[in-house]
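Here's the letter readout for the chains.
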Amino acid sequence: MGDSQTWTAAPSAAEHARSVLAASWSCAVTAEGGREEFVGAHTVAEDGRVTLDVPEDSTLVAAAICAPRGEPSAVLEFADVAPVPVRSRIRARLWIAGWFVPVDGRLEFTTTRVVLRRPSGAVVVDLDEFAAAEPDPLATAEARLLTHLADCHPDAVERLTRLVDADSLHGAVRVQPLAVDRHGLTLRIERARAHGDVRLPFHAPAGDVAQLTERMHVLLTQASAASCPRALQRQRTDRDG
């Protein structure tokens, strides 16, 4: 690695779940009436409560009216999709179980269980922690930030690989920015038949996009001072030859 960094924190499961919820534009709902996909139909309150605005003829409305009160009768599913084209673009899935209550033409959801599945496995999120957590401050801007980095600054992405252990880059055919949050940047390293992720932590958390810019400049400065990994040098030689 390059210069050592002291900040290694990552979002908690509750924070990650709230970030997925904040950034998701679509929602899949499984209820007794079947499964429906909704785009741009849900809103999220400060405590994480979800409300759906659905057509009156939706089978979900009938299922909500007929479902017994107080019993879980629906599951909401949200997918966290990497904005940059990479293999296995689903970074996480969020499932929220509970029931709907029709209120003024909308469906308000009461949550009984929250499950977040990440590459490391699934975790049940405590409901109080979920309600109290706040989305990452970069969550709604992440897609724009990552696509800009990948499309307009591929040289910067390559430079950042100098902060990655050479063994992690062995056999790499492509490196792309996979995720960013206030704690750090994650790179996806793709090989011929496999891939892996490497996290580059910031020296301090970024509370907004302006602070993120400063944190990225620090990483790039560290990368410029680091030697180029031999594995990446071999890539360049093979490609140039």
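The rules we used
- Residues numbered from 1 in each chain as written.
- Predicted model: local features only at pLDDT ≥ 70, side-chain atom pairs only at ≥ 80, totals over all residues.
- Heavy atoms only, no water.
- Helix = DSSP H or I, 4+ residues; strand = E, 2+ residues; numbered from the N terminus.
- Buried < 20%, exposed > 50% of the residue type's maximum accessible area, 1.4 Å probe, protein only.
- Polar contact = N/O pair within 3.5 Å; in protein donor to acceptor, adjacent residues only side chain to side chain.
- Contact = heavy atoms within 4.5 Å.
- Pairing = 2+ DSSP bridges.
- Axes fitted to C-alpha atoms, helices over the stretch in contact; angles between N-to-C directions.
- Core = buried A, V, L, I, M, F, W, Y, C linked by side-chain atoms within 4.5 Å.
- Phe/Tyr/Trp six-rings, centres within 6.5 Å; stacked < 30°, edge-to-face > 60°.
- Lys NZ or Arg CZ within 6 Å of the ring centre and 35° of its normal.
- pLDDT = per-residue confidence, 0-100.
- Salt bridge = Lys/Arg side-chain N within 4 Å of Asp/Glu carboxyl O.

J.: Could you clarify how one ought to interpret unusual backbone geometry in this entry?
T.: Keep in mind that most residues, glycine aside, have a negative phi and that most peptide bonds are trans. Unusually for a residue other than glycine, serine 88 sits at a positive phi of about 50°. The residue serine 88 is located in the loop between strand S5 (74-81) and strand S6 (90-103) in this model. Of note, aspartate 104 is a non-glycine position whose phi angle comes to about 50°, a positive value. Mapped onto the secondary structure, aspartate 104 falls in the loop between S6 and strand S7 (106-118).

J.: Would you mind going over the environment of proline 154 with me for this structure?
T.: Mapped onto the elements, proline 154 comes out in helix H5 (residues 154-160). Judged by its relative accessible area of 47%, proline 154 is partly exposed. Distance in space between the C-alpha atoms of proline 154 and glutamine 176 is 8.4 Å, their sequence separation being 22 residues.

J.: Explanation requested: the side chain of aspartate 80 in the structure shown.
T.: Its location among the elements puts aspartate 80 in strand S5. At a separation of 2.7 Å, a polar atom in the side chain of aspartate 80 contacts the side chain of arginine 91. Here aspartate 80 is in contact with His16, Val20, Arg89, Ile90, Arg91 and Ala92, once residues within four sequence places are set aside.

J.: Help me understand the sheet that holds strand S10 (residues 184-191), please; the structure alone is not making it clear to me.
T.: Note: strands within a sheet are paired through backbone hydrogen bonds, in either parallel or antiparallel orientation. Sheet architecture is open: three strands sit in the order S9-S10-S11, paired in antiparallel fashion. Strands at the two margins of the open sheet, each flanked by one partner only, are strand S9 (172-181) and strand S11 (195-201). Neighbour-to-neighbour, the strand axes of the sheet open up by a mean angle of 25°, direction not taken into account. Along the sheet, helix H4 (residues 142-152) contacts S9 and S10; its crossing angle with S9, the most-contacted strand, is approximately 150°.

J.: Where do I start with the pairing of S6 in this structure?
T.: For a regular strand, side-chain orientation follows a simple rule: the groups alternate between the two sheet faces. As paired elements, S5 and S6 share eight bridges and run antiparallel to each other. Paired with valine 75 across the bridge in S6 is alanine 97. In this antiparallel pair of consecutive strands, S6 and S7, the connection spans two residues, and aspartate 104 shows a positive phi of 50°.

J.: What's the story with the nonpolar core in this structure? I'm lost.
T.: Burial of nonpolar side chains together is a common tendency in soluble globular proteins. Counting residues in each nonpolar core, the largest one holds 32 residues, and the members touching the most others are Leu160, Leu185, Leu200, Leu212 and Met216. Looking at this core, the elements with two or more residues in it are H4, H5, S9, S10, S11 and helix H7 (209-225). Excluding its chain neighbours within four sequence positions, the residues that come into contact with leucine 185 are Leu146, Leu149, Leu160, Pro177, Ala179, Val180, Val198, Arg199, Leu200, Phe202 and Met216.

J.: Would you take a moment to explain the packing of aromatic side chains for this structure?
T.: The description of an aromatic ring pair rests on the distance of the ring centres and on the angle between the ring planes. Per the stated rule, a full pass over the model turns up one aromatic pair. Directly above the aromatic system of phenylalanine 130 lies the positively charged group of arginine 18, at a separation of 5.6 Å from the ring centroid.

J.: Looking at this structure, I do not really get the side chain of serine 24. What am I missing?
T.: Following the sequence through the fold, serine 24 ends up in the loop between helix H1 (13-23) and strand S1 (26-31). Polar contacts involving the side chain of serine 24 include one to the main-chain carbonyl oxygen of valine 20, which spans 2.6 Å. Dropping the residues within four chain positions of it, serine 24 is found in contact with His42, Phe78 and Ala79.

J.: Where do I start with the environment of glutamate 46 in this structure?
T.: Looking at the element boundaries, glutamate 46 is found in the loop between strand S3 (42-44) and strand S4 (50-52). Each C-alpha atom of the pair glutamate 46 and glutamate 134 lies 8.0 Å from the other, and the pair is 88 residues apart in sequence.

J.: How do you make sense of H1 when you look at a structure like this?
T.: Because an α-helix completes one turn every 3.6 residues, residues spaced three or four positions apart along the sequence face the same direction. Most of H1 sits out of view: eight of its 11 residues are buried. Among the residues making up H1, those that are buried are Ala13, Ala14, His16, Ala17, Arg18, Ser19, Val20 and Leu21.

J.: Looking at this structure, I do not really get the confidence of the model for the protein chain. What am I missing?
T.: It should be kept in mind that the predicted coordinates are not to be read in detail where pLDDT is low. The predicted model of the protein chain has a mean per-residue pLDDT of 88, with 89% of residues at 70 or higher. Considering only residues more than four positions removed or in separate chains, one finds that residues 1-7, a stretch of pLDDT under 50, has 19 contacts. Here residues 233-241 is modelled with pLDDT under 50, and outside its nearest four sequence neighbours on either side it reaches seven contacts, counting other chains as well.

J.: Hey, could you run me through the pattern of salt bridges in this one?
T.: Pairing between side chains becomes possible if they bear opposite charge and their charged atoms approach one another. Throughout the structure, instances matching the rule amount to 12 salt bridges. Where arginine 188 meets aspartate 197, a salt bridge forms, and the shortest distance between an N and an O atom there is 2.3 Å. Residue classification places aspartate 197 among the partly exposed positions, given a relative accessible area of 39%. Salt bridges sharing partners connect three or more residues here, namely Arg35, Glu37, Glu77 and Arg93.

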